[in-house]
Structures are given as C-alpha cells and as structure tokens.
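# Topology and contacts: notes
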Amino acid sequence: MTKEVDPVSEFGKHDRDAVPERPPGSLRGFADTVGLASARVWRLRGRAWNTLRHPAGWELWRLPPAAVLWMLGTEIAVAVWALYSGFKATVTTTDLVRFGVIAGCTIWYLVQTQHPEEQRRADDRRGEHIDQTAVWLGGAAVLLPPTLSLALLLMVRVQRYSIAHKAMTTFLFTTAAHAASILGVHAITRLTSLHAWLESGTLPQRAGDIAVAAVALVGAALWYFASQTLLISIARGLAWGGWRRQKLIGSWADNADFVYALQLAACTTILGAVNIALVPLVMIGVALRSTRLSQALADTIARSQRDRKTGLLTEDSFHAPAALRLLEDQTDRRPTAFLMLDLDHFKQWNDKYGHSGGDIVLGCVSAVLRQNTRATDVVGRWGGEEFSVLLPDTTREEAMRIAERIREAVAKTAITGLTELASGHATNEPRVVGPIHGCTVSIGVGLSPEHSTDYGELFRAADTAMYQAKRTGRNRVVVAPSAVPPSPRVPMSPLSRAGDSRRD
C-alpha cells in the first residue's frame, strides 16, 4: 500500500479510455487490459515532455515557498541516497530470479486491479489515496538490492501515474517518499542478521535468532510506514497551513489498511526467502482478493454517500464533513461560508421536458458546481432542486465572488440532450431540442463567524438568504442579514434537519 498526496487542488479532468467489458478472468479481457495499460504508459512520453518544456506552469510553484523547499530538498536527498546505495550494492543471480518473479506478480496484480483502481482515484478528492502495492514493494525492499527494488518502484509508479489524476510534480514527490521507505528498509536489512537469514534461505531455528528476525521485520515495516507518513505529512502541513492529525496522516481506517498491507508484505518476504516460487502460488491470490474486497467496499460506501443523479453528496452524507470543516476553521480562527442554492422555476423544466429532462438540468448544474469549487469544499444535493456548498477558509468577499461565479456559470450553461413531445403529430414521438439556455439559480450566503459559528444556525442564515433571493426576483446572490430571522426550516440537530422542500 502506498500513500498519495496532492497538496495542489486540480480541476482539470483527464480523458479516460473506454474498453469493452469482458467476462471476469477471460483471456481476451486480460489482453485488452494489458493493451490499454501499455498504450497509456506509452502516451506518458508526451505528457512528461510537455511538462518538462513548460516549468513555469508546474503545479509545484503554486505552493508556499516552505513547501517547495521541503519537496525539492526531499527529492534531491533521496536521489543522492539512491545513487550511493546503488553503487555499493551488488546483484546476484538469486536477486535477478527473485526480481523476475516479484515483477511478474506485480504486473499481474496491476493489470487485474487497474479499472477499479482508476475509478477510486478519480472519485477520491480528499487529497490522499492509498493502494496495496506495498504487498510487493515492501517485500522487494527486504529481498532485493536497492537497484532492483527501485526499478520495481519505478515500474509501479509509471503505471499508477497513467491512471492518476494528479500533477506530475506532486506525483514525483510521493514517489520520492516511497523510495525513501524502500532505501530505509534495505538499510535495516543490511544492518541486522536479517540479511544473513535471507541469503541462506532457511528460517532461523534458535529462539534468539527468531526474535532478532522478527524485530528486524517489524522495524522495517515501521520505517516503511513512518517514513512515508512523515514526509508526506510535513508536505501537507506546509502546503495547506494546517497540522491536524486527520488532515495530515488520514483516518485511522486508512492507516489500518496500510498496516494490513505491510503485514502481507512481511508474508511475501518470508515466502520469498524460503522459496521464491511460493510467492506467486500464495500471495497473488491473497493480494488480489484483499484489494478487490477493499475496492468493492470503498465503491459501495461512495455510492451510498453520493446522489445517483448528480454524483454529489446526499443530504445525509453532507452534514458530517461540512460540520467537521466548520469546526476546523473555528479551531484555526478562519472564516467559513455556507451557500444554499435553489434552481429557479424548476417545475417548468420538468413539465416541459419531463423528469428525464429535469435530471439532465440537475446534472448540468452539478457539473458547474464541481468546476467552480475546490477539492476541500463540501458540495451536496439536498433533494429536489436544492444544492449546498460549504466553503472552508473563505472570507465574505471570496464567498460573494464564488457565488456570483457559480450563478453566472449556470445562467450561461447550454442544456443539451433535452427532448419534448411533438404535439399534433400522429406518432407523438419525442424530438430532440436544444441546446437550451435559461436555467438560473438563487443563492443564499451564510458566513461564520459573522452570522454564527454553529452549524445549524449557519444553515439557517444561508437558507433565509436563499428565500430572500427568490422573493426579490431570483437569479441573484443574497447574503444573510446580521440579525438572521427564523428560517422556514429548522434543523432538528446540527447534523440533520426536519422536512424537505419542493419549490417552484
């Protein structure tokens, strides 16, 4: 398992290649996946060359100077470390055989997990992504000399970058963090009796030797985990300006998955030391099963939290992350903005173009919201034609500018794909119309701490302002007054509200 970090928010989307689905495990499906992966990796040449030709446009320069220095310094230090370790190391025939087997297992694993892994990376906007390639990289760090283990890392990272939605400069720093993990594990292996045990290919027999080998393996796993976590966490802290545990190292569940992958890496190491043929016989099935279950669980959770028509958070799943962002801003004494949006005259779209047309309109508005918000913003659909956006670390002026940008973008959006019944025709078949303009939104803005630092009261402020925007002509942005009157809707708790609305 490896950690990813994306300190820079990116709104661009990469085109994804579509391949026809094949029956699971079919030889044709595997060949298609291999061909697609090879084509993507080959096209990386163009992406890499374009990036190198335009250094002024690198995402790295958007970061604070301290973050830039940390990332560049880390990359240079790891590069020097890798060169020094590579010159000192020697490669034997046994090393080459082990590398060939582990590399083959890794390629099979990457190909078999490519499609769901790409989907998870595309859907993941938290700034961190974790996969289970450490099952192979961790074992290679112990079993192989640094030149071969780093070659395996390069192979994995090139394939992962072909499906990643991250800036190259950021991806390179994450790769340097992984390389530091591998080099540190190799150093621990060489400094302990674990090295002699691995070369002999036999398990230690005496209690003292068993204890030393176990401690060395645990130490290697701790280094692999801690070095990545520390390097990436410091980069996040310097880039984002916050040092909270959840934001820096991720959730306890993410780290538990990381530890589990390292346990599988220890199994790969032990099997590889005893007989390298045991690695493909045992670990491929275990790793694939574990990864697919993890991917399926993540996909199920994501689908349960997302609105089916728009892909945004549902009302129930919106509250918890929004309240957490508000609390984080209060802790750091930063302002927060809450936007409530309502589509104007949405019933007319449904009446004229049917519910399928209304769904198209909702999808177009949700696309505008995604394009005009940051990865750290919380965006949701509250049912019907209502949307909500919580903007962390946002002042009054910034909130007004964002709200106006969203309002203008929705008004300029051309709705395509609409159909209406051709009245008067004998067949009365639907005919395609469009593109159609004229969709507008009314937006209410609540501000913290200006209006309140309480989540429920901040919602009421934005909700009241939205009602005011609709009463005063629609297609406008209104900021809640300093003294917020009672809202027509009152949440039952800070994380829920009673009732539902269906407005004109």
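Refer to the structure above for everything that follows.
Notes on the structure in this doc start here.

Here is what the cut-offs are and how they apply
- Residues numbered from 1 in each chain as written.
- Predicted model: local features only at pLDDT ≥ 70, side-chain atom pairs only at ≥ 80, totals over all residues.
- Heavy atoms only, no water.
- Helix = DSSP H or I, 4+ residues; strand = E, 2+ residues; numbered from the N terminus.
- Buried < 20%, exposed > 50% of the residue type's maximum accessible area, 1.4 Å probe, protein only.
- Contact = heavy atoms within 4.5 Å.
- Areas by Shrake-Rupley, 256 points an atom, 1.4 Å probe, with all protein chains shown as cover.
- Core = buried A, V, L, I, M, F, W, Y, C linked by side-chain atoms within 4.5 Å.
- Salt bridge = Lys/Arg side-chain N within 4 Å of Asp/Glu carboxyl O.
- Phe/Tyr/Trp six-rings, centres within 6.5 Å; stacked < 30°, edge-to-face > 60°.
- Pairing = 2+ DSSP bridges.
- Axes fitted to C-alpha atoms, helices over the stretch in contact; angles between N-to-C directions.
- Parallel < 35°, antiparallel > 145°, perpendicular 65-115°, else oblique.
- Left-handed = near helix turned anticlockwise from the far one by under 90°.
- Nonpolar A, V, L, I, M, F, W, Y, C, P; charged D, E, K, R; others polar.

Moving on, we get to the overall build of the protein chain. Counting secondary structure elements, the protein chain contains 16 helices and nine strands. Taken over 504 residues, the protein chain has a buried fraction of 47%. Across the protein chain, contacts joining residues at least 24 apart in sequence account for 76% of those joining residues at least 6 apart. Of the accessible surface of the protein chain, which amounts to about 23,900 Å², a share of 61% is contributed by carbon and sulfur atoms.

Quick look at the side chain of Thr413 now. In this fold, Thr413 is placed in the loop between α15 (396–412) and β6 (418–421). The class for Thr413 is buried, based on a relative accessible area of 18%. Each residue touching Thr413, except ones within four places of it in the same chain, is listed here: Cys364, Val368, Ile436 and His437.

Our next topic: the nonpolar core. Generally speaking, a soluble globular protein has its nonpolar side chains buried in company with each other. Ranked by size, the top nonpolar core spans 58 residues in total, and within it Trp136, Leu194 and Tyr224 carry the most contacts. Ranked by residues supplied to this core, first place goes to helix α9 (residues 207–240) with nine residues. The next biggest cluster of nonpolar side chains, apart from the first, holds 32 residues, and it includes Phe346, Cys364, Leu369 and Cys439.

The next subject is the pattern of salt bridges. Using the criterion set out here, one finds nine salt bridges in the structure. The salt bridge partner of Arg374 is Asp377, with a shortest N-O separation of 2.7 Å. A relative accessible area of 26% places Arg374 in the partly exposed class. Here Glu450 makes a salt bridge to Arg396, at a shortest N to O gap of 2.6 Å.

Here we take up the packing of aromatic side chains. Scanning the model with the defined rule gives seven aromatic pairs in all. Taking the centre distance of 6.5 Å and the plane angle of 65 degrees together, the rings of Phe338 and Phe459 count as edge-to-face. Of this pair, Phe338 sits in strand β3 (residues 336–343) while Phe459 sits in helix α16 (residues 455–471); the two residues are 121 residues apart in sequence, bridging distant segments of the chain. Classification of Phe338 as buried rests on a relative accessible area of 0%.

A few words now on the environment of Gln330. Take Gln330: it is sitting in helix α13 (residues 315–331). As a C-alpha pair, Gln330 and Ser448 span 118 residues in sequence and 8.5 Å in three-dimensional space.

Next up on the list: the sheet that holds strand β9 (residues 477–479). The strands making up a sheet associate through backbone hydrogen bonding, with each pair oriented either parallel or antiparallel. Pairing within the open sheet is mixed, and its five strands lie in the order β4-β5-β3-β8-β9. Edge positions in the sheet fall to β4 (378–381) and β9, since each has one partner strand and no second. Geometrically, the sheet is characterised by an average inter-axis angle of 15 degrees between neighbouring strands, direction not taken into account. In the sheet, β3 pairs with strand β8 (residues 441–448) via eight bridges, with the strands oriented antiparallel.

At a closest axis distance of 10 Å, the pairing of helix α6 (residues 146–161) and helix α7 (residues 168–191) adopts a crossing angle of 150 degrees. By the angle between their directions, the pair α6 and α7 is classed as roughly antiparallel. Where α6 crosses over α7, the two elements pack in a sense that is right-handed. Facing α6, whose interface residues are Pro146, Ser149, Leu150, Leu153, Arg157, Arg160 and Tyr161, α7 presents Met168, Phe171, Thr174, Thr175, His178, Ala179, Ile182, Leu183 and His186. Residue composition of the contact of α6 with α7, by class: nine nonpolar, five polar and two charged.

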